[in-house]
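Fold and geometry: a report
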Amino acid sequence: MTSREFEHRFADLGDVTIHYVTLGELSSSTPPIVLLHGWPQTWYEWRDVMQRLAEHYPVIAPDLRGLGDSSRPAEGYDKRTVAGDIHRLLSGHLGLRTWHCVGHDWGGPVTFALGAWYPEAMLTMTIIDVVIPGDGGSFSQGGRRWHHAFHMTPDLPEALVTGREREYLGWFYREFSWRRDAIDDAAVTEYLRTYSDPAALRAGFAYYRALPRDAVDNATLLATGFRLPMPVLALGGEKDEARGRGSEPEQSMRRVARDVTGFTVPDSGHFVPEEQPEAVACHILDHVARAG
């Protein structure tokens, strides 16, 4: 595999500036694959997956609002608003009509919102190791994902984590990974480069604090009978002891979409794109190819 050079760009959308990374030549004839990251990560979690995908499709990996090298507004972390940022980036700034979208962790609910509110533009959807708030299931696994409630607590996480970002975030990078070398020291340093900014730390917690609104938004939409029309691929990390969700993503997507294919990714915890980039890329490429 030939390594390609990432191109870093910025889109000024008015209320937010979005940093995004591209690999491969964007064109009107080939819809790109858009990759949306989770917490506590940035676009960088896709670095290995991007190299594999770019052999076949142009790839775009933005930093979500408030995170990475995107700007950090005080508000707007409900997933419908964040999805609106991505739509403005892709449709308005880049002039794209259609795309394939992949979301891991919080990038998954953002991808769902993007597909729900702009379904005509999304050709395929892939959701990795996350479930959809408001789908009727338990987003926090009945409290097993303890950090959800902690992060939703006003101000306290900032007070306890500021100055201890490497210790706190490092625990997640280790304990939510089955393949312990997947997120190496260089990757941790890259993530801490931006998450050590107090505004980025607060923005990260804001994604969790918006969870009640996300659940209501989605439940209200689903109550109308709406289901995602595009083909959906759901991937979960196999290793429950490393917080992989297994078949939960597939079960969640079957509650919100019409056409769902699901797989469990072997030898992976929660951080599937970094633990098993080859498998993730192959699943995405097969999914896109099946959709024609």
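Here, every reference points to the structure presented above.
None of the values given here were measured: they were computed from a predicted structure.

A word on the overall build of the protein chain
Helix and strand counts for the protein chain stand at 12 helices and eight strands. Since a compact globule built from 292 residues should have a radius of gyration of about 19 Å, the 17 Å found for the protein chain is in line with a globular shape. Every one of the 292 residues in the protein chain was classed for burial, and the buried ones make up 58%. For the protein chain, the share of sequence-separated contacts (at least 6 apart) that also reach a separation of at least 24 residues comes to 75%. Roughly 11,400 Å² of accessible area belongs to the protein chain as shown, and the carbon and sulfur atoms make up 50% of that amount. Averaged over its 29 positive side-chain charges, the protein chain has a centre that lies 3 Å from the centre of its 40 negative ones.

Considering the nonpolar core
Counting residues in hydrophobic clusters, the biggest one holds 66 residues, and the most contacted among them are Trp39, Leu90, Trp99, Met125, Leu228, Met253 and Val256. Aside from chain neighbours lying at most four places away, what touches Trp99 is Pro31, Pro32, Val34, His87, Leu90, Ser91, Leu114, Ala121, Met122, Leu123 and Thr124. Among the nonpolar cores identified, the runner-up in size contains 23 residues, and Met50, Ala54, Val102 and Leu233 belong to it.

A few points about the packing of helix 8 (residues 198-209) against helix 9 (residues 211-223)
The interhelical angle for the contact between helix 8 and helix 9, taken along N-to-C directions, is 40°, at an axis separation of 5 Å. With respect to helix 9, the element helix 8 is oriented oblique. In this structure, helix 8 uses Tyr207, Tyr208 and Arg209 to contact helix 9, whose residues at the interface are Leu211, Pro212 and Asp214.

Remarks on unusual backbone geometry
Here the residue pair Trp39 and Pro40 is connected by a cis peptide bond, since its omega of 0° sits within 30 degrees of zero. Within the secondary structure layout, Pro40 lies in the loop between strand 3 (33-36) and helix 1 (47-53). Despite not being glycine, Asp105 has its phi angle at roughly 55°, a positive value. Inspection of the secondary structure puts Asp105 in the loop between strand 5 (99-104) and helix 3 (107-117). Of note in this structure, Asp267 is not a glycine but carries a positive phi near 55°. Checked against the element boundaries, Asp267 lands in the loop between strand 8 (260-265) and helix 11 (272-275).

A look at the pattern of salt bridges
A full pass over the atoms with the stated rule returns 24 salt bridges. The salt bridge partner of Asp85 is Arg65, with a shortest N-O separation of 2.8 Å. Residue Asp85 is found in helix 2 (residues 79-93), and its partner Arg65 is found in the loop between strand 4 (59-62) and helix 2; the two are separated by 20 residues along the sequence. Per residue, the accessibility class of Asp85 equals that of Arg65, and both read buried. Asp155 serves as the salt-bridge partner of Arg202, at 3.4 Å between the closest nitrogen and oxygen. Of this pair, Arg202 sits in helix 8 while Asp155 sits in the loop between helix 4 (147-152) and helix 5 (156-161), placing them 47 residues apart in sequence. Using a relative accessible area of 46% as the deciding quantity, one classes Asp155 as partly exposed.

Rules of the game
- Residues numbered from 1 in each chain as written.
- Predicted model: local features only at pLDDT ≥ 70, side-chain atom pairs only at ≥ 80, totals over all residues.
- Heavy atoms only, no water.
- Helix = DSSP H or I, 4+ residues; strand = E, 2+ residues; numbered from the N terminus.
- Rg over C-alpha atoms; globule rule 2.2 N^0.38 Å.
- Buried < 20%, exposed > 50% of the residue type's maximum accessible area, 1.4 Å probe, protein only.
- Contact = heavy atoms within 4.5 Å.
- Areas by Shrake-Rupley, 256 points an atom, 1.4 Å probe, with all protein chains shown as cover.
- Lys, Arg positive; Asp, Glu negative; His and termini not counted.
- Charge placed at Lys NZ, Arg CZ, Asp CG, Glu CD.
- Core = buried A, V, L, I, M, F, W, Y, C linked by side-chain atoms within 4.5 Å.
- Axes fitted to C-alpha atoms, helices over the stretch in contact; angles between N-to-C directions.
- Parallel < 35°, antiparallel > 145°, perpendicular 65-115°, else oblique.
- Salt bridge = Lys/Arg side-chain N within 4 Å of Asp/Glu carboxyl O.

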